[in-house]
Each structure stands twice: as structure tokens, then as C-alpha cells.
Amino acid sequence: MKAFVTRVLPEEAMKIVRAGAEIVDVWPHELPPGREELLTKVADVEGLLCLLTDKIDADILSAAPRLKVVSQMAVGYDNIDVPACKSRGIAVGNTPGVLTETTADLAFALLLATARKIVEAEKFLRQGDWQTWSPMLLTGPDIHHATLGIVGMGSIGFEMARRAHGFEMEILYASTRQNSDAENHFGAKLVDLDTLLSSSDFVSLHTPLNATTRNLIGRRELALMKRTAILINSSRGPVIDQSALIKALEKGKLAGAGLDVFEQEPLPLSDPLLTLPNVVLLPHIGSASIATRTRMAVLAAENLVAGIQGKPLPNPIG
Ligand code: DGY
């Protein structure tokens, strides 16, 4: 049994892969394999362990006649053509659960940093602009007791609500399903998306990317938001129409945005977002704690090994 692993993983995970597969081919570089390289590498493998940067579509699957499992080291799997895998009998796994709290921590950190101008203030100090304490210098909105709108009350949205509750925020949520736990524990109120957008001081996105959520927040939705509101996205970039967001920020229709994800990643240095002062931009680090990334790698390794051995995956998709 042969497996291809598209990036070097923590040793804890590699041990599992090496114990479960006879031959393990690991892509040794920092950057992902290119298209041609991926097509070649999958030709003779039973298992593929990939990251969200690897596009696994029907062509890749056709180039991998022996493939039994695609194991993704992430909870989101919009880079994988899951129906194409299913139709070929290829199992697909992801890594839910283990990254929930870490990702909510980061989303809340982005909210705090954007509202309280942490990055701007630090830059101000470092570049020698700090001359005196001044009444309204670098002031932003309060977070405590403000209204937070959570779009997508899944597990990460729920943990975001827990954090917001600690700050005594009022919580609204829009979701495909009612979440009684969020309502009972944090006083969250289920509303429709338009109401959430027009009533919230902060809006945080926690939806997966799929056909329904692509460009969920576009020009119309941004226009519904308060001019003082701040938008936080730690889910997937294409959930927001990025050019519409840039226009809204440029025209002052929105106070700011904290973004960990983008339509194109890495964010090109020529992107207009980089010229805006009222945004905090991070390089997709929502789950980036040492413990969480290690747990994700271990889970992905366990899915991979189960799949190549023809066993049910610990965390299957679908
Ligand atoms: C995921 O898991 O989908 C994140 O985007 C990376 O942790």
C-alpha cells in the first residue's frame, strides 16, 4: 500500500502514516506540489493525504486508478470534488472538532484587533508617531455589550458565541439550523441574515464554502450593515465578494474588516486590501496553534491509514 503526503507533517502524524502504509512518499517542499507533479505522484497510490492548497478534482482522481482514500488535513474541504470521489468509491476524510476552539480564539482575536486598532497602533508606536497621550487618538468601538452577528452557528460559531458571551455581547445568529444550546447558554437569537446584518456591530462568518455560501456577503449585504460595523472572516475567502468589500471599505460604508482568508491565497501584494488602513489581514492562521495543527495532522493520518486498509474512516465526509 502506497501513500502520497503532500507536505511534511509533524512527526507524531508521520509515525502513524509510516506504520500504516508500506511505502510513503512525502512532498518535501514548503510550497505545494504543482499540478503536473500531483498528477504524477498520485498515479500509483492507494492513499492521498492533502491540504486545502491542493486541488483534488476529477482529473487528479482519473490519474489515480488505485486511489482508495483522500484525507484532508483541514475541516473545510472545498478544494476536493467530493461527489467525484464518491462516484469512484474513494473515501474522503477531514479533521473536524480538534480545531474548533483554536479557530474561534483567532476569530475573536481578529475582532478585538480590528475594533481596537491593535495593528495600526503598534505600527504608530514603532514608526515614532507617538508624541503624547491624546483624548481621541486611536479610538475604536467598544466590544463589550456590543451586538455580534454570527453567520453559521456550527461548532466554531458556537465557540465564537461562548467568547462573545464572556464579553457580555448580545448575540444574533443566522444559520440553516436552530442551535438551542447557543440560545440557552449564551442568549443567542436566531434571525434572518438581513436582520443580522442591519442590527450587528460586528459580523463574524463561520460557514463552510459551498454553492450556497459563495459570495454570501456581496454588495447588497454589505449595504445593509451599519456604517460603524466591522466584518470578521475566518471561514473561507469566497464567502465574501472581495471587490464589493473593498469598495464598501473605501467608501466608508463599513468601519473595518478583520480577514484571515481571501478569494486568492496567498493574498497578492498588489491587492487593494493592503492599501486600506481599516483592515487587519492575516495569512489563514485560524487553526495555527502547535497542539491543534498536530492534532489535525494526526487525525488526517488516521483517516488515511484507515482508508488504505479498507476500514471506515474515523472522520469521514458525507
Ligand atoms: C480548515 O481546517 O478548514 C482551516 O481553514 C485550516 O485549519
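As the structure is a computational prediction, the values presented were derived from the model and not from experiment.

### Quick look at the state of the cysteines
Now for step 1: Tallied over the full model, the rule gives 0 disulfides.
Now for step 2: Cys50 takes part in no disulfide bond, and the closest cysteine sulfur, belonging to Cys85, lies 8.6 Å away.
Now for step 3: Using a relative accessible area of 0% as the deciding quantity, one classes Cys50 as buried.
Now for step 4: What makes Cys85 buried here is its relative accessible area of 0%.

### Thoughts on the domain arrangement of the protein
Now for step 1: Each assigned domain of the protein is listed here: domain 1 (2–97 + 290–308) and domain 2 (100–281).
Now for step 2: Between the C-alpha centres of domain 1 and domain 2 there is a distance of 32 Å.
Now for step 3: Counting residues at the interface gives 5 residues for domain 1 and 4 residues for domain 2.
Now for step 4: Between domain 1 and domain 2, roughly 470 Å² of surface is buried when both sides are summed, and carbon and sulfur atoms account for 41% of that area.
Now for step 5: For the domain 1 face of the interface with domain 2, the top three residues by lost area are Asp78, Gly97 and Thr292, together amounting to 72%.
Now for step 6: The interface formed by domain 1 and domain 2 holds 1 salt bridge in total.
Now for step 7: We note a salt bridge from Arg236 to Asp78, for which the minimum N-O separation is 2.9 Å.
Now for step 8: At the junction of domain 1 and domain 2, the tally comes to 3 residue pairs in polar contact (both at pLDDT 80 or more).
Now for step 9: The residue makeup of the side of domain 1 that touches domain 2, split by class, is 1 nonpolar, 3 polar and 1 charged.

### Things to note about unusual backbone geometry
Now for step 1: At the junction of Glu265 and Pro266, the peptide bond is cis and its omega measures out at 0° in the coordinates.
Now for step 2: Assignment of secondary structure puts Pro266 in the loop between strand E11 (256–259) and strand E12 (279–281).
Now for step 3: Backbone geometry at Leu138 places phi at a positive 50°, although glycine is not the residue there.
Now for step 4: With a phi angle near 50°, His284 is a residue other than glycine that sits in the positive phi range.
Now for step 5: Positionally, His284 belongs in the loop between E12 and helix H12 (290–308).

Definitions and limits used
- Residues numbered from 1 in each chain as written.
- Predicted model: local features only at pLDDT ≥ 70, side-chain atom pairs only at ≥ 80, totals over all residues.
- Heavy atoms only, no water.
- Disulfide = S-S within 2.5 Å.
- Buried < 20%, exposed > 50% of the residue type's maximum accessible area, 1.4 Å probe, protein only.
- Domains from an automatic or database assignment.
- Contact = heavy atoms within 4.5 Å.
- Buried area = accessible area lost by both parts, 1.4 Å probe.
- Salt bridge = Lys/Arg side-chain N within 4 Å of Asp/Glu carboxyl O.
- Polar contact = N/O pair within 3.5 Å; in protein donor to acceptor, adjacent residues only side chain to side chain.
- Nonpolar A, V, L, I, M, F, W, Y, C, P; charged D, E, K, R; others polar.
- Helix = DSSP H or I, 4+ residues; strand = E, 2+ residues; numbered from the N terminus.

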